[in-house]
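What follows is each chain in one-letter form.
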Amino acid sequence: MTIKNLKYTFIAVLSGFLLAFTACKKDYLETNPTDDVSGETVFETTEGAYVALDGTYRAMYLSLTNHGNFGQKSADLTADLMGEDMVVHKDGYGWFNSEYKYTARSSPSPDSRSDRIWFQYYRLINNANRIIDQIDEAQGSDEDKKNIRGQALAIRANSYYYLVNFFQHSYKGNESAPGVPLYTEPTSEGHDRGTVQAVYDLIISDLEEAETLLDGAVRRHKSHINKQTVQGIRARVALIMEDWATAEKYANLARQGLSLMNNATYTQDGFNTISNGEWIWGLEVNVEQATIFASFYSHMDAASGGYATLGTQKKITKALYDQIGENDIRRQNFLSPDQEGLSQDLPPYNQVKFVLRTPGNWDSDYLLMRAAEMYLIEAEAIARQGKSGANDLLDNLVKIRDTEYSAQGLSGDSLLDEILLQRRIELWGEGVSLFDIKRLGKGLNRATGDGNHSGSDLVPGDPAMNLDAGTLTLEPGSSKFLFRIPQDEINANKALSSADQNPA
């Protein structure tokens, strides 16, 4: 989203309208007339503000411009495809192949992945700023005002977290590097690239205020951010910053009162149903609001009839699969190489973790955060501080998946390596891969050979090659980890010039 068009943003609401942009109309909110909430009256009451807030959440899974853009999960899929553990089976219709090959990040042109990520998060930020700017004047209870403001602050913080990590290297050692433009109120004036430190300062400030405002607030829906969600976001931020004490504290807080899935739940509705008790945050998608082919499930579920059915199946590497215990329930997230009936349609190692609840029915929900991630953040943070307890945390999580597992006896680097391995297994496909590679500073090292990147696909009777990954290794700090700022932003924002662009 260019700064030039920032003032023309329409806030999408429950009616389901997209956030649109026009160069000839003034700033206003548009809603479906059947909602009985006009642009002029939406902030007159807190109920109207909730409508705008709900529309902002819906904007997190709307389809934008083409079938490769569907909000947060398209960003998550991009991050995993740029990682080490997800393989693309065949070329198919081509969606996300350039992300997998590390060529998408180099284009700043309109409708490129860089452009769509920038647009996605800045429209959420603009919505949040509009809500924050006007909520105090709305008629309604102070409790509702605090709840709405707290959620808007958290949305803004979460959006900046993704922006700064897609458009700059990880926090540690890059504090003074250019981050992304910062906006805390509605404006049509472009800003320069605030430093990485400035971006994180705003993120933390927003999350601290949001945590206070949401303390005791009633959560209307699990799609809404509550206090625990804020604490989970804060844990993620602290992990990137290597603020281990804060990461430990907030990961622990975020998982309180939540139970890890048992094996039956894990294999039935573990990753497509918002009512799942382990989920901290998710987005409910019903049939009327589903984006069908332009959706996460279309690109992941090979039985959906979507793009994953048409060749671009997503698979775990053989290298990582082989490190999952033979009795570990998480092996069932993928098709084993000796499974009966494997074919070109369902190749070995094909993922079945993210599938529609009912084949042919698109009302399956989007996972954004769950308790298992918090266990892993807490365990890593404890281990990096040299404190005791990380082994037990790891056991508490993994023993549910594999009763024969034990992390006891591990210490030092061996313990850290095990935590990071379990993080890769447990959170496969949940959008953490690229940010982990960047924060760990080890570069990109994709496994090769049969069943891995650019190797044989191991399809029984008809083996061919997996899609050429294009990029197999990268040095730490490579410019290829960075997305380029959209050219439209460079052209329209007077505070930026070509000198502010990330390297090609």
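All residue numbers refer to position in the chain's written sequence, counted from 1. Selection of residues for local features in this predicted model requires a pLDDT of at least 70, selection of side-chain atom pairs for listing and counting requires 80 or more, and totals for whole chains, interfaces and linings are taken over all residues. The basis for the side-chain values is all heavy atoms of the structure; hydrogens and waters are excluded.

- If you look the protein chain up in an unreviewed UniProt entry, it shows as RagB/SusD family nutrient uptake outer membrane protein from Candidatus Sphingobacterium stercoripullorum.
- UniProt positions are given in the numbering used here, feature names are shortened, and annotations may be inferred rather than shown by experiment. Looking at the Sequence similarities (unreviewed entry) heading of the UniProt record, one finds this comment for the protein chain: "Belongs to the SusD family."
- Annotation of the protein chain in UniProt includes, under Subcellular location (unreviewed entry), the sentence "Cell outer membrane".

Let's talk about the UniProt feature "domain: RagB/SusD" (unreviewed entry) in the protein chain
Okay, step 1: Feature annotation in UniProt places "domain: RagB/SusD" (unreviewed entry) on residues 360–503, given in this structure's numbering.
Okay, step 2: Every helix listed is a DSSP run of H or I at least four residues long, and every strand listed is a run of E at least two residues long, numbered separately from the N terminus. For residues 360–503, the helix share is 38%, the strand share is 6%, and the end-to-end C-alpha distance is 43 Å.

Let's talk about the UniProt feature "domain: SusD-like N-terminal" (unreviewed entry) in the protein chain
Okay, step 1: Mapped onto this numbering, the UniProt entry gives "domain: SusD-like N-terminal" (unreviewed entry) at residues 77–239.
Okay, step 2: Structurally, residues 77–239 is divided into 54% helix and 6% strand, and its ends, taken at the C-alpha atoms, are 20 Å apart.

Some details on unusual backbone geometry
Okay, step 1: Located in the positive-phi region is D111, a residue other than glycine, with phi close to 70 degrees.
Okay, step 2: Here D111 lies in the loop between α4 (97–100) and α5 (113–134).
Okay, step 3: Accessibility here uses a 1.4 Å probe with only protein chains present; expressed as a share of the type maximum, an area under 20% marks a residue as buried, one over 50% as exposed, and anything in between as partly exposed. Judged by its relative accessible area of 35%, D111 is partly exposed.
Okay, step 4: Here E242, not a glycine, exhibits a phi torsion of approximately 60 degrees, which is positive.
Okay, step 5: Among the secondary structure elements, E242 is positioned in the loop between α8 (227–241) and α9 (244–254).

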